[in-house]
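# Observations on the three-dimensional arrangement
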Amino acid sequence: MTTKPLGFNTACKYLLLLFTVCTFALPEISGVIKILLIIALFINLYTTSFRIRKSYYLLWSLILICYTLLSVIYSDDVFWSAMGFQAFFKLLILGILLSEFLSKTDDGIYFALVSLAIAGGTLLLRIGVEFYLSGGASVERLAFSSLNANDIGLKAAICILAFLEIRKKVPYKYLFYLIAALLIGVIILTGSRKALFLLLVGIAVTAVLASTTKVKLIRNMVLVCMLLGIAVYLVMNIDFLYQAVGVRLEGVVNAIMGEGHIDASTAERMALIDTGLKLWEESPVLGHGINTFTPLAGFGLYAHNNYIEEGVGMGIVGVFIWYTIYPFLFYRSFKSVIKPMAFSIILLMPWLDVGLVSYMEDYLHIIFAILFASSVLPKEDKESGQIMTY
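Residues numbered from 1 in each chain as written. Predicted model: local features only at pLDDT ≥ 70, side-chain atom pairs only at ≥ 80, totals over all residues. Heavy atoms only, no water.

## Digging into the overall build of the protein
Along the backbone of the protein there are 17 helices and 0 strands. In the protein, buried positions account for 53% of the 390 residues. Summarising the internal contacts of the protein: among those between residues at least 6 apart in sequence, 75% fall at separations of at least 24. Total accessible area computed for the protein in this model is approximately 17700 Å², and 71% of it derives from carbon and sulfur atoms. (Helix = DSSP H or I, 4+ residues; strand = E, 2+ residues; numbered from the N terminus. Buried < 20%, exposed > 50% of the residue type's maximum accessible area, 1.4 Å probe, protein only. Contact = heavy atoms within 4.5 Å. Areas by Shrake-Rupley, 256 points an atom, 1.4 Å probe, with all protein chains shown as cover.)

## A closer look at the packing of aromatic side chains
Applying the stated criterion across every chain, the model contains 22 aromatic pairs. Taking the centre distance of 5.3 Å and the plane angle of 75° together, the rings of Phe 88 and Tyr 359 count as edge-to-face. Here the residue Phe 88 occupies a position in helix α4 (residues 78-103), and Tyr 359 occupies one in the loop between α15 (339-352) and α16 (362-375), the gap between them amounting to 271 residues. Across this residue pair, the class does not change: Phe 88 and Tyr 359 are buried. A network of ring pairs unites the aromatic residues Tyr 56, Tyr 57, Trp 60, Phe 88, Tyr 307, Trp 322, Tyr 323, Tyr 326, Phe 328, Tyr 359, Phe 368 and Phe 372 as a single cluster. For Lys 169, the ring lying beneath its charged end belongs to Tyr 110, and the centroid distance is 4.7 Å. (Phe/Tyr/Trp six-rings, centres within 6.5 Å; stacked < 30°, edge-to-face > 60°. Lys NZ or Arg CZ within 6 Å of the ring centre and 35° of its normal.)

## Topic: the environment of Leu 178
Looking at the secondary structure, you find Leu 178 in helix α7 (residues 173-190). Each C-alpha atom, one on Leu 178 and one on Gly 121, is 9.5 Å from the other, the two residues being 57 residues apart in sequence.

## Brief notes about empty space enclosed by the protein
Tallied over the entire structure, the rule returns 2 cavities of 30 Å³ or more. Empty space within the largest cavity amounts to approximately 40 Å³. Considering the residues around the largest cavity, the lining is formed by Leu 154, Ile 158, Leu 198, Ile 345, Met 349, Tyr 363, Leu 364 and Ile 367. Elements with a contribution of two residues or more to the lining of the largest cavity: α6 (149-166), α15 and α16. (1 Å grid on protein atoms, 1.4 Å probe; cavity = no way out; pocket = protein on both sides within 12 Å on 5 of 7 lines; lining within 4 Å. Points joined across faces, edges and corners; volume = space filled by probe spheres on them.)

## Some words on the packing of α4 against α16
Where α4 meets α16, the closest approach of the two axes is 8 Å, and the angle between their N-to-C directions is 30°. As judged from the angle between their axes, α4 and α16 are roughly parallel. The two elements α4 and α16 meet at a crossing, and its hand is right-handed. Two secondary-structure elements touch here, α4 through Phe 88, Leu 91, Leu 92, Gly 95, Leu 98, Ser 99, Leu 102 and Ser 103 and α16 through Asp 362, His 365, Ile 366, Ala 369, Ile 370, Phe 372 and Ala 373. (Axes fitted to C-alpha atoms, helices over the stretch in contact; angles between N-to-C directions. Parallel < 35°, antiparallel > 145°, perpendicular 65-115°, else oblique. Left-handed = near helix turned anticlockwise from the far one by under 90°.)

## Let's talk about α7
When the terminal C-alpha atoms of α7 are compared, their 25 Å separation across 18 residues agrees well with the 26 Å that a helix rising 1.5 Å per residue should span. Each element contacted by the buried residues of α7 is listed here: α5 (108-133), α6 and α8 (193-209). Following α7 by one or two positions, Gly 191 has its phi on the positive side, about 70°. (Expected span 1.5 Å × (residues − 1).)

## A word on the side chain of Lys 155
Along the chain, Lys 155 turns up in helix α6. Buried charge without a salt bridge: Lys 155, with Asp 151 as the nearest opposite-charge side chain at an N-O distance of 4.9 Å. Excluding residues that lie within four positions of it along the chain, Lys 155 makes contacts with Thr 23, Phe 24, Leu 123, Leu 147 and Tyr 363. (Lys, Arg positive; Asp, Glu negative; His and termini not counted. Salt bridge = Lys/Arg side-chain N within 4 Å of Asp/Glu carboxyl O.)

## So, a nonpolar patch on the surface
Judged by side-chain polarity, Phe 8, Ile 35, Ile 39, Phe 42, Ile 43 and Tyr 46 come together as a nonpolar surface patch covering roughly 560 Å² of accessible area. In terms of residue count, helix α2 (residues 30-46) provides more of the nonpolar patch than any other element does, 5 residues in total. Here Phe 42 is to be found in helix α2. (Patch = residues over 30% accessible without salt bridge, like charges linked within 9 Å, V, L, I, M, F, W, Y side chains within 5 Å.)

## So, the confidence of the model for the protein
Averaged over every residue, the pLDDT of the protein is 85; the share at 70 or more is 85%. Taken together, the stretch residues 1-5 has pLDDT below 50 and engages in 17 contacts with residues farther than four places along the chain or on a different chain. Note that pLDDT drops below 50 for residues 382-386; the model gives that stretch 14 contacts with residues more than four away or on any other chain. (pLDDT = per-residue confidence, 0-100.)

## A look at the packing of helix α3 (residues 56-73) against helix α13 (residues 306-323)
Remark: α3 packs on α13, axes separated minimally by 10 Å, with the N-to-C direction vectors making an angle of 165°. Classed by the angle they form, the pair α3 and α13 counts as roughly antiparallel. The handedness of the crossing between α3 and α13 comes out as left-handed. Packed against α3, whose contacting residues are Trp 60, Ile 63, Leu 64, Tyr 67 and Thr 68, the element α13 presents Met 314, Val 317, Gly 318, Ile 321 and Trp 322 at the interface. When its residues are assigned to classes, the contact of α3 with α13 shows 8 nonpolar, 2 polar and no charged. (Nonpolar A, V, L, I, M, F, W, Y, C, P; charged D, E, K, R; others polar.)

Structure follows, in structure tokens:
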């Protein structure tokens, strides 16, 4: 495979580590690191072959760049759309460059996953510092100024999934097991339903793919079902777990059934969706321009729903283009060296998007780049085992 000059290659790796850590635990400074990483990856590409692999991932990114730039021109709020475009543009360019770097660098995928695992440990440190500075204040859900509860929970779940991929190869594995256990506790304390679903699906998929015989498959599925049953029992019968997670799960069920008590969070999201659908009806095909939900809806909030956020901003055309990446990555996942993580995120993320706006999230574009790069590794790298088998 093509190996880049050692010095600059190493510099790019550690900029990636720094950016990943900042994205997950220190978002206040991640913007500056992102720009430095994009510049470094571009120089790295320019000083070597300056050739980018032709793929649907590249085509998808370029189409989105062109389409969202066009949406700025016809936007109902040019300022908000211009701000949204520049942020989205940087993420798409980062994804292109990062996927190339990881697929053509020795142990690139492994290093990216280690970076995610380290980011999980840094997130724990950030939570500990914030808790100390707040004087141990009691709150309903674990959250602080620059990271809301769902952010913390989803990032914790992704870090755990990354660790599961490298658990047989990473040094100091017991330290990482401790970090993973503490992150599970963090997910519970955030009360994030999305993070909990992602974690449970990830564990189940890993258990299935780790089964080399039918006996082990049955054993692992029984264990997963038992753990799920125990988790549900504890959530519904232990008061602080019920207040953190159980009430919110009941709120979702009640909202779907149209009866019973609906928690405040679910009620607010339903109001945002109702307003978003009315705005979407006004310009259903092309939308009002990228990133226009917040100024047009009047809530001072984003939509908390990726379909609504994109639909209002980019119309059905934009929504369709964005979600075509998932069938592509699903197909590529069969060739991936990190199948459990790939299948878990790709299968679940479109469902989770009902409750979050993901297309502008740094961590999702990092994951996209990792998943695509993991599926296009040269044959010799897959055989040598960049990532340990399950």
